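Topology and contacts: notes
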Amino acid sequence: MKVLFLPDGSESNPYQKELAKELEKQGVTVMLGGSAGRFPILSAMRAAGKQNILHLHWTHGFIIGRTALRTILIGLRFLVELIVLKIKGVKIIWTIHNLVEHERRYLKLELFFQRIAIIFYDHLIVHGLYAQRAVLEIYRLPSKFKSKISIIPHGNYIDSYENRISREEARDKLLLKGKMLIFLYFGQIRLYKGVFELIETFQKINYSNICLFIVGKPINQAVKDKLYKLIDLNSKIYTVLRFIPDNEIQIYMNAADVIILPYRDILTSGTAILAMSFGKPIIVPAIGCITEVLDNKGSFLYDPLNKEALLKAMKQTFNADLGKMGKHNFELAKQFQRGKIAEKTYEVYSECLNRKK
């Protein structure tokens, strides 16, 4: 069995590489491919050699362009490529990490092309029950289509990154002195992730021994400029506005007391799984599949529609047993074993290959 993962997002996230590693233990040959050329998917398939299965992970890049016209053109190209693959007998799987592009630039066009593309997919994979229901709703699929959607959890990141330094060592590396409570936002900075609202909320807290770290690369210069303007020399807010290499992740995770992910919109969160894998309590809105992964014993789950809920959640951390909460999340993360997830994924592959149509 040979499988091609597209697109290759492993430079910024080990999710695909970890899954591929475990699938290979099942006897699956996995390749991670690029996507270039006039027909990027067909070119990647040709470069990879004869593959039984194309496993798509993020499809926005194959559908959405810089303009509406460009989106129509590449969306049509995407459908043509899928048709060619089906004629060749290739099975197509789509893991739905996001229902639609977060910026929703050309939402109607994206939904139009994706609803057609689903006809050519042999199977869909989602990370939770909420996602399964949301897929049926947003893509207007009949209830009988539910049998073609498998729920396979997102694997943990335990042992995916170095995790050897202590809390004290991590704080020394960040030149932090004295006893203080550290909130950490970690990940790419995009509008839907609520970082601007986080900064405004943090500035309402008058406690002295707290600070906020915002760590990650802004999606564009406009977002970066707005961040600096909002922070405006606030000495309690530290920024590291760049991509963080794997060997540095342990520094920020282990220095922090609480990971805060104030997303406006989310289906599943790899960063939440990352925080759990480092044994950290989390502040996050109770939306999407989050409540299927986290609970109130290890997290501060809040209603994003309540304007004061984030502030209340942050203040609750002052009197909480954060160490105990982090340990609870680490135990939860252990349940999402990559080996078991690969086994379930292998079952999907086998079922698709054995299906006559």
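Structure's up top.
**Brief notes about the side chain of Asn329**
Position of Asn329 relative to the elements: it lies in helix H14 (residues 322-334). Asn329 sits in the buried class, given a relative accessible area of 0%. Not counting residues up to four positions away in its chain, the partners in contact with Asn329 are Met276, Lys280, Pro281, Ile282, Leu294, Gly298 and Ser299.

**Some points on the packing of aromatic side chains**
If you walk through the whole model with that rule in mind, you get nine aromatic pairs. Geometrically, the ring pair formed by Phe112 and Phe113 is edge-to-face, given 5.2 Å between the ring centres and 75 degrees between the ring planes. Note on Phe112: relative accessible area 46%, which makes it partly exposed. Taken together, the aromatic side chains of Trp94, Tyr121 and Tyr139 make up a single cluster linked through ring pairs.

**So, unusual backbone geometry**
In the segment running from Leu6 into Pro7, the intervening peptide bond is cis, with an omega of -15 degrees. Summarising the element assignment, Pro7 is placed in the loop between strand E1 (2-6) and helix H1 (15-24). Its identity is not glycine, yet Arg140 carries a phi of approximately 55 degrees, on the positive side. Structurally, Arg140 is set in the loop between helix H6 (129-138) and strand E6 (149-151). Look at Arg140 and you get exposed, because its relative accessible area is 65%. Its identity as a non-glycine residue notwithstanding, Leu175 has a phi of 60 degrees, on the positive side.

**Some remarks on the sheet that holds strand E2 (residues 29-32)**
The six strands are arranged E2-E1-E3-E4-E5-E6 in an open sheet whose pairing can be described as parallel. Edge positions in the sheet fall to E2 and E6, since each has one partner strand and no second. Taking each pair of neighbouring strands and ignoring which way they run, the sheet shows an average axis angle of 25 degrees. Across four bridges, the pairing between strand E3 (residues 53-56) and strand E4 (residues 91-95) is parallel. Bridge pairing links Leu56 to Trp94 in E4. Those strands touched by helix H4 (residues 68-87) are E3 and E4, and its axis lies near 135 degrees from that of E4.

The rules behind the values
- Residues numbered from 1 in each chain as written.
- Predicted model: local features only at pLDDT ≥ 70, side-chain atom pairs only at ≥ 80, totals over all residues.
- Heavy atoms only, no water.
- Helix = DSSP H or I, 4+ residues; strand = E, 2+ residues; numbered from the N terminus.
- Buried < 20%, exposed > 50% of the residue type's maximum accessible area, 1.4 Å probe, protein only.
- Contact = heavy atoms within 4.5 Å.
- Phe/Tyr/Trp six-rings, centres within 6.5 Å; stacked < 30°, edge-to-face > 60°.
- Pairing = 2+ DSSP bridges.
- Axes fitted to C-alpha atoms, helices over the stretch in contact; angles between N-to-C directions.

Don't take any of this as a statement about function, it's just geometry.
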